[in-house]
Amino acid sequence: YIFSHYARDQKFVREYGKAFQRLGVDGRQYILPFVQRYCADHGLQFVGTLQNGDTNNYFPQVAHVFLVLDHGERVVLKENLRLHQDYSRLSGYSMEREILEVVSHDNIVRYLGNMYIEGIEFLKLAFIPGSTLERYVHPETLLPLEEVLKIIKTLAAVIAYLNSKNIISMDIKD
């Protein structure tokens, strides 16, 4: 919007201005009711929120993630945030969907498609039951060394698989 304004391109100023205003007016606080209504209208059963996204309308950093039942199968709807700056991409945008479309590995969530709800793209992902490792980060609850090594080997295998597909992740954390 800003670039089109300075370029004095009125067509793009109008087009992007509407989208920019919509973000500010509709806001991310309405994503939950949008998803609930979509589920009700399309034969999906809304189960709950797995992760609350942030409410920054213009520069969101945290995606909304929901659990729904699709014909009795648990699936995850994850907001496909096109982050405004992803330093691992020359384009500056996240490519999660594009990557998930071309990978197939037992330890990478299965991509089931995408959908748009009120103009917001959601990735439809297989549900993987389990829990995070968050509870094991305290000195009194650390995992045994054998379990830690098993997790590290699994992660290394996933990274090797991705590298074999010419996909390099620059977001690996300890």
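Residues numbered from 1 in each chain as written. Predicted model: local features only at pLDDT ≥ 70, side-chain atom pairs only at ≥ 80, totals over all residues. Heavy atoms only, no water.

Draft legend 1. Quick look at the sheet that holds strand 1 (residues 44-51). Taken together, five strands build an open sheet; the order of strands is 1-2-3-5-4 and the sheet is antiparallel. With partners counted over all chains shown, the strands left at the sheet margins are strand 1 and strand 4 (111-117), one partner each. Going from strand to strand, the sheet's axes swing by 30° on average, the running direction of each strand aside. Sheet strands in contact with helix 3 (residues 31-41) are strand 1, strand 2 (65-70), strand 3 (73-79), strand 4 and strand 5 (120-126), and its direction is about 155° off that of strand 1. (Pairing = 2+ DSSP bridges. Helix = DSSP H or I, 4+ residues; strand = E, 2+ residues; numbered from the N terminus. Axes fitted to C-alpha atoms, helices over the stretch in contact; angles between N-to-C directions. Contact = heavy atoms within 4.5 Å.)

Draft legend 2. The packing of aromatic side chains, seen in detail. Evaluated as defined, the whole model comprises three aromatic pairs. When the centroid spacing of 5.8 Å and the interplanar angle of 55° are considered together, the rings of Phe46 and Phe66 count as tilted. With Phe46 in strand 1 and Phe66 in strand 2, this pair connects stretches of sequence that are 20 residues apart. Under the relative-accessibility criterion, Phe46 is labelled partly exposed at 22%. Judged by its relative accessible area of 1%, Phe66 falls in the buried class. What links up through ring pairs into an aromatic cluster is the set Phe46, Phe66 and Phe122. (Phe/Tyr/Trp six-rings, centres within 6.5 Å; stacked < 30°, edge-to-face > 60°. Buried < 20%, exposed > 50% of the residue type's maximum accessible area, 1.4 Å probe, protein only.)

Draft legend 3. Local environment of the nonpolar core. Ile31, Val35, Leu77, Met115, Ile117 and Phe122 are the most contacted members of the largest nonpolar core, which totals 14 residues. Listed by contribution, the elements that provide at least two residues to this core are helix 3, strand 2, strand 3, strand 4 and strand 5. The element contributing the most residues to this core is helix 3, with five residues. Once you skip the residues sitting within four places of it in the chain, Phe122 turns out to touch Ile31, Val35, His64, Phe66, Leu77, Lys78, Glu79, Asn80, Gly113, Asn114, Met115 and Ile117. Counting residues in hydrophobic clusters, the runner-up holds 13 residues, among them Tyr111, Leu123, Leu125 and Tyr161. (Core = buried A, V, L, I, M, F, W, Y, C linked by side-chain atoms within 4.5 Å.)

Draft legend 4. Structural view of the pattern of salt bridges. Enumeration according to the criterion identifies six salt bridges in this entry. Here Arg37 ties to Glu118 by a salt bridge, and the two come within 3.1 Å at their closest N and O atoms. Taken as a pair, Arg37 in helix 3 and Glu118 in the loop between strand 4 and strand 5 lie far apart in primary sequence, 81 residues in all. Judged by relative accessible area, which is 42%, Arg37 ranks as partly exposed. On the basis of relative accessible area, Glu118 is assigned to the partly exposed category, the value being 37%. (Salt bridge = Lys/Arg side-chain N within 4 Å of Asp/Glu carboxyl O.)

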